[in-house]
Amino acid sequence: MVRCAFCDADFEAGPGDVLLVCPYCGTAQTTTGQKFKDHYMIRVHFPQSEAQRTLLDWCSKQLGAPQDLPVKAKFVKAKLIFYPFWISRVDADTTYHGMGKDAKFYDEWPQYRGAYKRIDFYWKPESGRFQRRYEINVPGISDIDEDIKNFPIPTRAKEYFSHAHAEEFDGQVLHSQVGQDDARELAKKMAYDRQTALILDEVDKIESRNDNIEVGETYLIHVPVWELEYRYGSRTYKASVSASTGYVIESKYPRSMAFRGMAIFGGLISLLTGAGLIYLALQVGMLVGGGMVSGSLLSIIGLALLYKGVSRKEAKERI
Ligand SMILES: [Zn+2]
């Protein structure tokens with residue numbers, strides 16, 4: 001338990017949480033009770049019912065989804081979570097010297113233009129400079145779902161954090177396990193890595209480099225995500241939908257019996273044809289190469305289709 005330095009209420013915080021948001025008054029504060037001012041949010045534009053409708057609409061358009069999904073699906077859980085992210089503006093200016101691979105071409109074949117009899121590869125010194133401005137995004141919690149971590153945050157739409165707005169949707173505002181100084185340090189390292197990637201597109205070996213990386217404005221932003229769960233038939237399916245854009249971050253959905261049946265049927269046909277081709281190839285020594293290869297391929301396709309048809313594991317799709 002922690003006591004809020006601003007409203008005196010006690011609230012829960014984990015051992016790793018370093019930047020806390022009081023669930024009663026909404027004040028962002030350090031563990032020593034200092035107020036943190038650069039605190040923003042993305043507002044909710046998709047209330048629960050709209051997020052649910054968007055999700056079912058999206059799911060029903062997926063391959064093999066049952067047609068009655070939007071009618072028969074029943075939501076059993078809907079929770080709005082505000083995830084913390086640190087956003088840093090980073091200006092990077094890097095000059096480098098390195099070695100690039102190059103090639104000399106000799107004796108073009110007269111009948112094949114662009115083909116040469118002899119190619120000599122050699123190292124060539126190269127240098128250059130990259131000046132870039134980045135907006136680096138560091139998640140405030142470590143065990144965050146990969147899909148939520150990577151979905152784009154519309155930072156242009158940011159507004160100052162409003163406790164009243166989060167409460168209106170009964171949203172849970174998560175504490176950050178990363179402090180501002182650590183976030184800046186991480187952002188600097190990530191910008192350095194991006195510069196490295198740019199250089200390695202130009203040269204194969206970096207001989208020397210000079211980096212000037214400046215971390216500018218770094219703020220905390222809470223991004224709303226609907227964690228939804230619905231029941232269809234005898235199973236439940238989970239999904240995450242952005243509450244600001246309606247973007248389906250991640251979702252599982254059922255597949256219809258008809259789709260399963262088709263996959264099983266197609267799988268059996270491919271498997272039988274593949275086995276037949278392999279058998280023929282073995283009997284008639286001639287076509288061994290081609291027959292074996294296409295036979296094996298068809299068998300593999302058959303097995304994959306069979307797996308898709310038989311497996312009861314719900315499919316997961318991304319956009
Ligand atoms: Zn408080």
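What counts as what
- Residues numbered from 1 in each chain as written.
- Predicted model: local features only at pLDDT ≥ 70, side-chain atom pairs only at ≥ 80, totals over all residues.
- Domains from an automatic or database assignment.
- pLDDT = per-residue confidence, 0-100.
- Helix = DSSP H or I, 4+ residues; strand = E, 2+ residues; numbered from the N terminus.
- Pairing = 2+ DSSP bridges.
- Buried ≥ 20, exposed ≤ 12 C-beta atoms within 10 Å, placed from the backbone.
- Contact = placed C-beta atoms within 7 Å.
- Expected span 1.5 Å × (residues − 1).
- Core = buried A, V, L, I, M, F, W, Y, C linked by C-beta atoms within 7 Å.

Digging into the domain arrangement of the protein chain
Once the domains are mapped, the protein chain shows domain 1 (38-91 + 132-184 + 212-251) and domain 2 (257-312). The gap between the C-alpha centroids of domain 1 and domain 2 is 42 Å.

Side note on the confidence of the model for the protein chain
Chain-level pLDDT for the protein chain is 88 on average; 95% of the residues reach the 70-or-more range. Averaged pLDDT values for the elements of the protein chain fall to 56 in strand E13 (residues 315-317) and rise to 97 in strand E5 (residues 39-41).

Observations concerning the pairing of strand E11 (residues 235-242)
By the bridge criterion, eight bridges tie strand E10 (residues 205-232) to E11 in an arrangement that is antiparallel. Of the residues in E11, the one forming a bridge with Arg-231 is Thr-236. Between E10 and E11, which pair antiparallel in sequence order, lie two residues; one of them, Gly-233, sits at a positive phi of approximately 65°. Here three bridges tie E11 to strand E12 (residues 248-253), and the two strands are oriented antiparallel to one another. Each residue of the ladder has a partner; that of Ala-239, found in E12, is Ser-251.

Examining the environment of Thr-31
With respect to the secondary-structure elements, Thr-31 resides in the loop between strand E4 (28-30) and E5. Under the C-beta neighbour-count criterion, Thr-31 is labelled partly exposed, with 14 such atoms within 10 Å. Residues Thr-31 and Asp-17, 14 residues apart in the sequence, show an inter-C-alpha distance of 8.2 Å. When neighbours within four sequence positions are excluded, Thr-31 is seen to be in contact with Val-18 and Leu-20.

Some thoughts on helix H5 (residues 180-202)
Here H5 spans 34 Å end to end across 23 residues, near enough to the 33 Å set by a 1.5 Å rise per residue. Listed in full, the buried residues belonging to H5 are Ala-183, Ala-187, Ala-191 and Gln-195. On its buried face, H5 sits against strand E6 (74-108), strand E7 (116-139) and E10.

Considerations on the nonpolar core
Among the nonpolar cores identified, the biggest contains 47 residues, and Leu-55, Val-241 and Ala-243 are the most heavily contacted of them. Those elements giving two or more residues to this core turn out to be strand E3 (19-21), helix H1 (48-60), E6, E7, H5, E10, E11 and E12. No other element matches E6, which puts eight residues into this core. Beyond its immediate chain neighbours, meaning those up to four positions away, Leu-55 contacts Leu-228, Ala-239, Val-241, Val-248 and Ser-251.

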